[in-house]
Amino acid sequence: MRGQGLIVRPSGGGGGGLTAIVNDEVIDGVGGWIDVGRTPNLPTTTDQNTADSKLGSKLYSVKIGTDRQLIATSTTTNAPATLSGDTIEKIYNGTYTTWSQVPGYAGSAGSETIIPLTLPSDAGMWTTFVNGVKSQTGSTTFTGTGNPNSIQVQQNDPTAIPALPEAQRKNAIVPFPRGRFKVVESGFYTVAKDGGDQTNPYNGTRTYTGGKKRLAADVAGIKLLDPSATASTTGNAAAPYGTNFAYNGVFRKSDLNSTTPWQPGSTLNWVQALFFNPGGPAPFVDTEAGRALIAAAGITPDYQVYDETNSPQID
């Protein structure tokens with residue numbers, strides 16, 4: 001906000017989306033700035049009770065679409081073309097640390113060390129990954145940790161693999177959403193790069209020769225394994241790793257009944273206009289134009305609203 005101090009965005013859909021709005025209470029006139037939090041996960045009972053206590057309102061969730069998390073590698077990689085759910089589990093828990101241990105591996109880099117990239121524990125995509133692997137393999141204990149060669153990176157970062165040294169880059173893997181890949185591929189996002197060396201992504205520590213510049217992000221250094229897969233992998237440990245997840249917007253239940261119009265002359269508040277309007281015209285995300293915008297981002301439109309008990313609502 002103009003005139004306000006810098007606030008560092010939390011790291012993910014857990015810390016950055018759901019937790020942020022749950023804790024956005026007004027204290028001494030400060031707070032109440034967040035209208036919608038984005039998360040792949042529906043609020044828990046604890047989230048709802050905390051929101052009710054701090055915000056004076058429980059939360060509604062609106063799913064606008066379904067995406068799929070896959071595995072990303074460097075475009076030049078020692079990884080095989082497909083990694084099963086079982087293999088991903090064993091790489092991340094440290095059972096497999098070199099490519100030769102992966103069943104069926106026929107490449108020439110069997111002795112090289114696999115570098116599994118992990119995400120912050122409060123990142124929505126990390127929760128999606130851990131739950132996706134558990135759903136696919138049937139594991140009840142998988143945590144995504146245990147491999148001594150793992151490196152933590154930010155979720156959805158297309159520079160996470162290209163920024164690694166070459167020896168690690170060609171052996172790195174990371175969970176990555178297909179929708180984010182497609183949006184980055186379109187040039188929608190930007191990254192900070194050295195003005196004197198525009199191939200170098202900014203990592204917060206590099207000394208620059210030509211000044212830091214923001215340029216369109218790209219996916220030139222990474223690729224997705226099994227990018228066109230769509231089928232459910234639940235209970236199929238031998239299938240290529242992949243898990244579907246929702247894009248949910250979370251908002252205060254009290255905002256649904258606000259009498260403040262979203263635009264001058266409108267009879268709808270912002271929730272009714274954009275997300276949920278029971279008994280009235282379709283909200284934007286459930287219109288033809290809204291669905292087209294969602295589809296253009298590589299996400300399958302899939303509209304559903306859930307109340308504070310996570311029960312589906314019909315508009």
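Residues numbered from 1 in each chain as written. Predicted model: local features only at pLDDT ≥ 70, side-chain atom pairs only at ≥ 80, totals over all residues. Heavy atoms only, no water.

Remarks on the overall build of the chain
Within the chain one finds 9 helices and 12 strands. Within the chain, the fraction of its 315 residues that count as buried is 44%. Within the chain, counting contacts between residues at least 6 apart in sequence, those at least 24 apart form 70% of the total. With an accessible surface of roughly 15,300 Å², the chain has 50% of that area assigned to carbon and sulfur atoms. (Helix = DSSP H or I, 4+ residues; strand = E, 2+ residues; numbered from the N terminus. Buried < 20%, exposed > 50% of the residue type's maximum accessible area, 1.4 Å probe, protein only. Contact = heavy atoms within 4.5 Å. Areas by Shrake-Rupley, 256 points an atom, 1.4 Å probe, with all protein chains shown as cover.)

Considerations on the packing of helix H3 (residues 85–92) against helix H4 (residues 124–137)
Taken N-terminus to C-terminus, the directions of H3 and H4 make an angle of 125 degrees; their axes are 9 Å apart at the nearest point. Taken together, H3 and H4 sit at an angle that is classed as oblique. As for the relative orientation of H3 and H4, their crossing is left-handed in sense. Taken together, the residues of H4 that come into contact with H3 (itself represented by Gly 85, Asp 86, Ile 88, Glu 89 and Tyr 92) are Trp 126, Phe 129, Val 133, Gln 136 and Thr 137. For the contact of H3 with H4, the residue count by class is 5 nonpolar, 3 polar and 2 charged. (Axes fitted to C-alpha atoms, helices over the stretch in contact; angles between N-to-C directions. Parallel < 35°, antiparallel > 145°, perpendicular 65-115°, else oblique. Left-handed = near helix turned anticlockwise from the far one by under 90°. Nonpolar A, V, L, I, M, F, W, Y, C, P; charged D, E, K, R; others polar.)

Quick word on the side chain of Asp 255
Position of Asp 255 relative to the elements: it lies in helix H7 (residues 253–256). Residue Asp 255 is classed as buried on the basis of its relative accessible area of 15%.

Structural notes on the packing of aromatic side chains
All chains considered together, the criterion is met by 12 aromatic pairs. The interplanar angle of 45 degrees and the centroid separation of 6.1 Å between the aromatic rings of Tyr 60 and Phe 251 together place this pair among those described as tilted. Here Phe 251 lies in strand S10 (residues 243–252) and Tyr 60 lies in strand S2 (residues 59–74), a separation of 191 residues in the sequence. Judged on exposure class, the residue Tyr 60 and its partner Phe 251 are both buried. With 6.2 Å between their ring centres and 85 degrees between their planes, Trp 270 and Phe 275 make a pair best called edge-to-face. The class of Trp 270 is buried, set by a relative accessible area of 17%. (Phe/Tyr/Trp six-rings, centres within 6.5 Å; stacked < 30°, edge-to-face > 60°.)

Remarks on the environment of Phe 284
Along the chain, Phe 284 falls in the loop between helix H8 (270–274) and helix H9 (288–296). With relative accessibility at 35%, the residue Phe 284 sits in the partly exposed group. Setting aside residues up to four positions removed in sequence, Phe 284 forms contacts with Ala 273, Leu 274, Ala 289, Gly 290 and Leu 293.

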